[in-house]
Amino acid sequence: MTGRMLQAGPGGRQGFSLIELLIVLIILGLLASLVGPRLFRHVDDARVGTTRAQIELLGTALDSYRLDVGRYPTTEQGLEALRTEPSGVRNWNGPYLPRPIPRDPWGNDYVYKSPGDHGDYDLLSYGADGQPGGEGDNAEIRSWE
């Protein structure tokens, strides 16, 4: 018979040596270091895609609000006007969202301004860092782009 025969240990058990286990752990570590960054890149891409989809959903709700009320909610009323009727507003036929106002995938509130600098309203997420500006995952995701 060719190959290595495992000898039974003191308890009658066969097993792997410490060297064999270390080699397997090193190989797994190398694989994880190669595959891990690619997976995290996909997670970040998914967060950006989710943010864009949520901004579109909020934009649709804002348009429905405008059709009923005749204008978009003011900056002071904010996106909460899509869920609860603001005082002094006529023809409100909401709620315009079935669930509470979502936060962006990084856990930050969306920034809403009406009238906006780029249209009737500006709606944006500041990205991963939650700060204006930035590049890559920290870049702003805007409704007007």
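In the block above lies the structure referred to throughout.
Cut-offs used in this document
- Residues numbered from 1 in each chain as written.
- Predicted model: local features only at pLDDT ≥ 70, side-chain atom pairs only at ≥ 80, totals over all residues.
- Heavy atoms only, no water.
- Helix = DSSP H or I, 4+ residues; strand = E, 2+ residues; numbered from the N terminus.
- Buried < 20%, exposed > 50% of the residue type's maximum accessible area, 1.4 Å probe, protein only.
- Contact = heavy atoms within 4.5 Å.
- Areas by Shrake-Rupley, 256 points an atom, 1.4 Å probe, with all protein chains shown as cover.
- Phe/Tyr/Trp six-rings, centres within 6.5 Å; stacked < 30°, edge-to-face > 60°.
- Core = buried A, V, L, I, M, F, W, Y, C linked by side-chain atoms within 4.5 Å.
- Pairing = 2+ DSSP bridges.
- Salt bridge = Lys/Arg side-chain N within 4 Å of Asp/Glu carboxyl O.

A. Representation of the overall build of the protein chain. Within the protein chain, the secondary structure is distributed over 1 helix and 3 strands. In sequence order, the secondary structure elements of the protein chain are arranged as α-β-β-β. Within the protein chain, the fraction of its 145 residues that count as buried is 24%. Long-range contacts, defined here as pairs at least 24 residues apart, represent 37% of the contacts in the protein chain between residues at least 6 apart. When the accessible surface of the protein chain is summed, it comes to about 10200 Å², and 56% of that surface belongs to carbon and sulfur atoms.

B. Summary view of the side chain of S125. Looking at the secondary structure, you find S125 in strand β2 (residues 122–125). Sequence-distant contacts of S125, that is, excluding residues within four places in its chain, are made with T51, I55, D104, W106, Y110, A139, E140 and I141.

C. Seen up close, unusual backbone geometry. The residue after G94, namely P95, is reached through a cis peptide bond having omega 5°. For P95, the location among the structural elements is in the loop between α1 (18–69) and β1 (111–113). Omega for the bond connecting S114 with P115 falls within 30 degrees of zero, at 0°, which places this linkage in the cis form. With respect to the helices and strands, P115 occurs in the loop between β1 and β2. With a phi close to 70°, N91 is a non-glycine residue in the positive phi region. With respect to the helices and strands, the residue N91 is situated in the loop between α1 and β1. Residue classification places N91 among the exposed positions, given a relative accessible area of 54%.

D. How the structure looks around the packing of aromatic side chains. Summed over all chains, the structure comprises 4 aromatic pairs. Centre to centre, the rings of W92 and Y96 are 5.7 Å apart; their planes meet at 90°, and the pair counts as edge-to-face. As far as burial versus exposure is concerned, W92 and Y96 are alike and both buried. Site record: aromatic cluster; members linked through ring pairs are Y65, W92 and Y96.

E. A look at the nonpolar core. In terms of nonpolar packing, the biggest core is built from 20 residues, with L58, L62, Y65, L79, L82, Y112 and L123 touching the most fellow members. Once residues lying within four places of it in the same chain are set aside, the contact partners of L79 are L58, L62, I101, Y110, Y112 and L123.

F. Structural detail: the sheet that holds β1. Read from one edge to the other, the open sheet built from 3 strands follows the order β1-β2-β3, with strand pairing classed as antiparallel. Two strands in the sheet have a free side with no partner beyond their single neighbour: β1 and β3 (141–142). When β1 meets β2, the two strands line up antiparallel, connected through 3 bridges. When the bridges of β2 are listed, K113 appears paired with D122.

G. Molecular detail of the pairing of β2. Judged by which residues are buried, β2 turns out to be covered on both faces: D122 and L124 on one side and L123 and S125 on the other are all buried. Examined bridge by bridge, β2 and β3 share 2 bridges and lie antiparallel to one another. Opposite L124, over in β3, you have R142 as the bridge partner.

H. Representation of the pattern of salt bridges. Going through the model one piece at a time under the given rule, you end up with 4 salt bridges. In this structure, R103 and D109 form a salt bridge, with 3.4 Å as the shortest nitrogen-oxygen distance. The network of salt bridges with common partners includes E140, R142 and E145.

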